[in-house]
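Here is what each chain is made of, one letter per residue.
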Amino acid sequence: MFTRLFSLISLGFFTCTSFAHQGHEHEHHTDTVEAISVSHAWVREWLPGTPSTSAYFMVSNQDHHAAKLVKATVEGVGRVEMHEHIHADGMMKMQQVESVEVAPESTLAFQPGGFHLMLFEPAKPIKKGDSLKLTLYFADGDRVFTMADVKSVMEQESSHQHHH
Ligand SMILES: [Cu+2]
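These numbers come from a predicted model, not from an experiment.

**Observations concerning the overall build of the protein chain**
- Secondary structure summary: the protein chain contains two helices and 11 strands in total.
- Taken from the N to the C terminus, the helices and strands of the protein chain come in the order α-β-β-β-β-β-β-β-β-β-β-β-α.
- Put simply, the protein chain has 164 residues, and 20% of those count as buried.
- Sequence-distant contacts in the protein chain: of pairs separated by 6 or more residues, those separated by 24 or more amount to 69%.

**A word on the pairing of strand E3 (residues 52–61)**
- The pairing of strand E2 (residues 36–44) with E3 spans six bridges and is classified as antiparallel. Along E3, the bridge assignment pairs Val43 with Ala55.
- Two strands pair when backbone bridges link them, and E3 and strand E8 (residues 106–110) are joined in this way by five bridges, in the antiparallel orientation. Its bridge partner being in E8, Ser60 is matched across the sheet by Thr107.

**Thoughts on the environment of Tyr137**
- Relative to the helices and strands, Tyr137 resides in strand E10 (residues 131–138).
- Overall, Tyr137 belongs to the partly exposed group, with 18 C-beta atoms counted inside 10 Å.
- Along the sequence, Tyr137 and Thr73 sit 64 residues apart, while their C-alpha atoms lie 8.3 Å from each other.
- Among residues more than four places away in sequence, those in contact with Tyr137 are Val70, Lys71 and Arg143.

**Let's talk about unusual backbone geometry**
- Notably, Asp89 is not glycine yet its phi reads approximately 55°, a positive angle.
- Residue position: Asp89 is located in the loop between strand E5 (77–88) and strand E6 (91–96).

**Considerations on the confidence of the model for the protein chain**
- Residues at a pLDDT of 70 or more form 75% of the protein chain, whose mean pLDDT is 83.
- Low pLDDT, under 50, characterises residues 28–32; the stretch is placed with one contact to residues that sit more than four places away or in other chains.

**Description of the nonpolar core**
- With 25 residues, the main nonpolar core has Ala55, Phe57, Leu134 and Ala148 as its most contacted residues.
- Not counting the four nearest positions on each side in its chain, Phe57 is found in contact with Val38, Ser39, His40, Ala41, Phe110, Leu134 and Ala148.

**Points about the pairing of E2**
- Sheet topology places E2 next to strand E11 (residues 142–151); three bridges connect them, and they run parallel. What sits directly across from Val43, in E11, is Val150.

**Description of the environment of Val59**
- Mapped onto the elements of the fold, Val59 is located in strand E3.
- A sequence separation of 18 residues divides Val59 from Ala41, and the C-alpha atoms of the two residues are 9.3 Å apart.
- Apart from residues lying up to four places away in sequence, Val59 is in contact with Ile36, Val38, Leu69, Val102, Thr107, Leu108 and Leu136.

**Points about the environment of Val70**
- You can see Val70 is positioned in strand E4 (residues 67–74).
- Taking C-alpha positions, Val70 is 9.0 Å from Val97, a pair spaced 27 residues apart along the chain.
- Residue contacts for Val70: discarding those within four places in its chain leaves Ser99, Tyr137, Phe138 and Ala139.

Cut-offs and rules
Residues numbered from 1 in each chain as written. Predicted model: local features only at pLDDT ≥ 70, side-chain atom pairs only at ≥ 80, totals over all residues. Helix = DSSP H or I, 4+ residues; strand = E, 2+ residues; numbered from the N terminus. Buried ≥ 20, exposed ≤ 12 C-beta atoms within 10 Å, placed from the backbone. Contact = placed C-beta atoms within 7 Å. Pairing = 2+ DSSP bridges. pLDDT = per-residue confidence, 0-100. Core = buried A, V, L, I, M, F, W, Y, C linked by C-beta atoms within 7 Å.

Right, here's the structure in full:
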């Protein structure tokens, strides 16, 4: 009896904790279920002497219409830009994009070699082991956030599945 009660409390605590790390904020009332979610967010550890670092995540759209991602912010970072990698003249280049469309009922990955966030002007050094709040803003006023873990370049290489 005692043991059972204890495990129920532990489970409840765990659930609350995980909810606090990911969620939704609305500008306006909506009666639909949460259609957009963000997961697997991480930030590459800031290297001394470099002007920027990058961040990656997965964004999932369960809705029947496309979602237009228009802005991203990262806690403690002055400026965040959305970029894409393009092939031009046999070279890989990156350029800033104003918005990124997430197709209906699909998941889009921001990953090395593709869409990514560029982070500029950190308030303080961003180190491996830190966890920063990442918020995504959509054209319809919807917002989603998650906690992004800071990983070193080494960790990034070992967790890489496909290279580009
Ligand atoms: Cu970039």
